[in-house]
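Results of the structural survey
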Amino acid sequence: MSSPLRAPRLLETLREGLCLFEFLALLISWPWLKRAHTKINKRRTILVIPGYTASDKTTWCLRLFLRQLGYCAEGWQQGRNHGRVEQLLPALEQRLLAISHRDGEAPVLLGWSLGGFLARELARTLPQHVSQVVTLGTPVIGGPKYTIVARHYRSWGYCLDELEQTIALRNQQAFSMPVIALYSRYDGIVHWRACLDQLTTTTHYPVTATHIGLVGSPWVFIKIARLLGDH
């Protein structure tokens, strides 16, 4: 029987402390990771978008890993992700367009948590400028409703039930590019079932990691590398 869709409980959130061991494992395995995959033949740009309250500093390890594989991994350059999607999207759209016009081809969007939600919105708004979307622990159902930050959005005046309905309607619009979603049943920030998009052609892959570890686990890094190499 599947678990009910809800925000993670306190004990589940406390499990996020295990991310310290994931980052330690990343540090220990880094020399091996650098040699774990053959360099890619074609250098593609990957725009990495951080999650709520995070910034490019948070995704630095992931972007460094992708660069060592031969990708041009870039940050979003918007400072800290404050969570107000309607304010974040315009500047992010300009960032995406600048990269697309500079390279002469559409980049890959890789978004962690809320960053993945933003990536999906960009893919719907500017599909000709996005070649692929990869999300990490992104709540595609309910937005913040089934996450531990739900109370923050309520305090800002959002009605989470209405927001959930709006997102559900938005999810009925298909994507024109491949969309990959990584999720973890051990996620203590976003309920893992909220990461499953059953309305579009999203391909889902489970990983074993904390929510924070999605941008700091060597096993997740290897999974991302393999998935990118398949497309």
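One can find the structure itself at the top, above this paragraph.
First, a word on scope: everything that follows refers to the structure included in this document.

Analysis parameters
- Residues numbered from 1 in each chain as written.
- Predicted model: local features only at pLDDT ≥ 70, side-chain atom pairs only at ≥ 80, totals over all residues.
- Heavy atoms only, no water.
- Pairing = 2+ DSSP bridges.
- Helix = DSSP H or I, 4+ residues; strand = E, 2+ residues; numbered from the N terminus.
- Axes fitted to C-alpha atoms, helices over the stretch in contact; angles between N-to-C directions.
- Buried < 20%, exposed > 50% of the residue type's maximum accessible area, 1.4 Å probe, protein only.
- Polar contact = N/O pair within 3.5 Å; in protein donor to acceptor, adjacent residues only side chain to side chain.
- Contact = heavy atoms within 4.5 Å.
- Core = buried A, V, L, I, M, F, W, Y, C linked by side-chain atoms within 4.5 Å.
- Salt bridge = Lys/Arg side-chain N within 4 Å of Asp/Glu carboxyl O.

The next thing to look at is the sheet that holds strand S1 (residues 45-49). The strand order across the open sheet built from 6 strands is S2-S1-S3-S4-S5-S6, with neighbouring strands paired in parallel fashion. Of all strands in the sheet, those with a lone pairing partner are strand S2 (72-75) and strand S6 (203-206), marking the two edges. Averaged over all pairs of adjacent strands, the angle between their axes in this sheet comes to 20°, without regard to strand direction. In terms of strand pairing, strand S5 (residues 179-183) meets S6 through 4 bridges, oriented parallel. Of the residues in S6, the one forming a bridge with Leu182 is Tyr205.

We now examine the side chain of Lys145. Within the secondary structure, Lys145 sits in the loop between strand S4 (132-136) and helix H6 (150-155). Taking the relative accessible area as the measure of exposure, Lys145 reaches 18% and is therefore buried. Within the local environment of Lys145, its side chain forms a polar contact with the side chain of Asp161, the two groups lying 2.7 Å apart. A distance of 2.7 Å separates the side chain of Lys145 from the side chain of Glu164, its partner in a polar contact. With sequence-adjacent residues up to four places away left out, Lys145 is seen in contact with Ala7, Ala150, Leu160, Asp161 and Glu164.

Core analysis: the largest hydrophobic core is formed by 30 residues, its most contacted members being Leu62, Leu66, Leu110, Leu136, Leu182 and Ile224. Elements supplying a minimum of two residues to this core: helix H2 (19-33), S1, helix H3 (60-69), strand S3 (108-112), S4, S5 and helix H8 (218-229). Sort the elements by how many residues they give to this core and H8 lands first, with 7 residues. Residues within four places of Leu182 in sequence aside, it is in contact with Val134, Thr135, Leu136, Gly137, Tyr205, Val207, Val220, Lys223, Ile224 and Leu227. Counting residues in hydrophobic clusters, the runner-up holds 28 residues, among them Leu92, Leu122, Ala150 and Phe175.

Glancing now at the pattern of salt bridges. Under the criterion given, the structure shown has 9 salt bridges. Arg124 is paired through a salt bridge with Glu121; the nearest N and O atoms lie 3.4 Å apart. On the criterion of helical spacing, the pair formed by Arg124 and Glu121 is a turn pair, its members being 3 residues apart in helix H5 (residues 114-125). As far as burial versus exposure is concerned, Arg124 and Glu121 are alike and both buried. Each member of the salt-bridge network shares a partner with another, and the members are Glu74, Arg95, Arg102 and Asp103.

What follows deals with H3. Every buried residue belonging to H3 is among Leu62, Arg63, Phe65, Leu66, Gln68 and Leu69, and all of these are buried. Elements that come into contact with the buried residues of H3 comprise H2, S1, S2, S3, S4 and H8. Backbone geometry just after H3 places Gly70 at a positive phi near 110°.

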